[in-house]
Amino acid sequence: MSSSDKLLDKICHNPRDVRFDEACKAAQLIGFDAQPSGATSHRKFKRPGEITQLNFQDRNGKIATYQAEQLVAMIERFREST
């Protein structure tokens, strides 16, 4: 199993404890591109052809559970297509 697969599995199995940097990397692994967000604690990710965007806020190095759950939904949707 690759390190990318391990990261995606880790996020899917424990969405209550997702680090901000891991969430950003996972979004890119499933085909989302980082969008310019200025000098804020937020990062936005968009995937070509997908209406839903991912938005993560760095809260002491982690993201909110609801943001992780949105990421998990996108991982489940796009994991096989990447």
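In case you missed it, the structure is sitting above this.
Here the structure is a predicted model, which means the values were calculated and not measured. (Residues numbered from 1 in each chain as written. Predicted model: local features only at pLDDT ≥ 70, side-chain atom pairs only at ≥ 80, totals over all residues. Heavy atoms only, no water.)

## Some details on the overall build of the protein chain
- On a plain count of helices and strands, the protein chain comes out with 3 helices and 3 strands.
- Seen in sequence order, the protein chain has helices and strands lined up from the N terminus as α-α-β-β-β-α.
- In terms of C-alpha radius of gyration, the protein chain reaches 12 Å, essentially the compact-globule figure of 12 Å for 82 residues.
- Each of the three principal axes of the protein chain carries a C-alpha extent, and together these read 35 × 30 × 20 Å.
- Per-residue burial for the protein chain yields a buried fraction of 33% across its 82 residues.
- For the protein chain, the proportion of contacts with a sequence separation of at least 24, taken over those separated by at least 6, is 44%.
- Carbon and sulfur atoms form 46% of the exposed surface of the protein chain, whose accessible area is close to 5,100 Å².
- Each charge class in the protein chain can be summarised by its mean position, and for the 13 positive and 11 negative side chains these summaries are 4 Å apart. (Helix = DSSP H or I, 4+ residues; strand = E, 2+ residues; numbered from the N terminus. Rg over C-alpha atoms; globule rule 2.2 N^0.38 Å. Buried < 20%, exposed > 50% of the residue type's maximum accessible area, 1.4 Å probe, protein only. Contact = heavy atoms within 4.5 Å. Areas by Shrake-Rupley, 256 points an atom, 1.4 Å probe, with all protein chains shown as cover. Lys, Arg positive; Asp, Glu negative; His and termini not counted. Charge placed at Lys NZ, Arg CZ, Asp CG, Glu CD.)

## Some words on unusual backbone geometry
- Residue Asn 60 is not a glycine yet carries a positive backbone phi of 55°.
- When you line up the elements, Asn 60 lands in the loop between strand 3 (54–57) and helix 3 (65–78).
- A residue is classified by how much of its surface remains accessible, and Asn 60, at 81% relative accessible area, is exposed.

## Some words on the pairing of strand 2 (residues 42–46)
- When strand 1 (residues 33–35) meets strand 2, the two strands line up antiparallel, connected through 3 bridges. Among the inter-strand pairings, Asp 33 is bridged to a residue of strand 2, identified as Lys 46.
- Of the strand pairs in this sheet, strand 2 and strand 3 are connected by 4 bridges, and their pairing is antiparallel. Its bridge partner lying in strand 3, Arg 43 is registered against Phe 56. (Pairing = 2+ DSSP bridges.)

## A closer look at the pattern of salt bridges
- Per the counting criterion, the structure on display carries 6 salt bridges.
- Put simply, Arg 79 and Asp 9 hold a salt bridge, and the shortest N to O gap is 2.8 Å. Pair noted here: Arg 79 is in the segment after helix 3 and Asp 9 is in helix 1 (residues 3–13), with a separation of 70 residues, a long-range link.
- Between Asp 17 and Lys 62 there is a salt bridge, with the nearest N and O atoms lying 2.2 Å from each other. Highlighted residues: Asp 17 in the loop between helix 1 and helix 2 (20–29) and Lys 62 in the loop between strand 3 and helix 3, separated in sequence by 45 residues.
- Among the charged side chains, a network of salt bridges with common partners joins Asp 5, Asp 9 and Arg 79. (Salt bridge = Lys/Arg side-chain N within 4 Å of Asp/Glu carboxyl O.)

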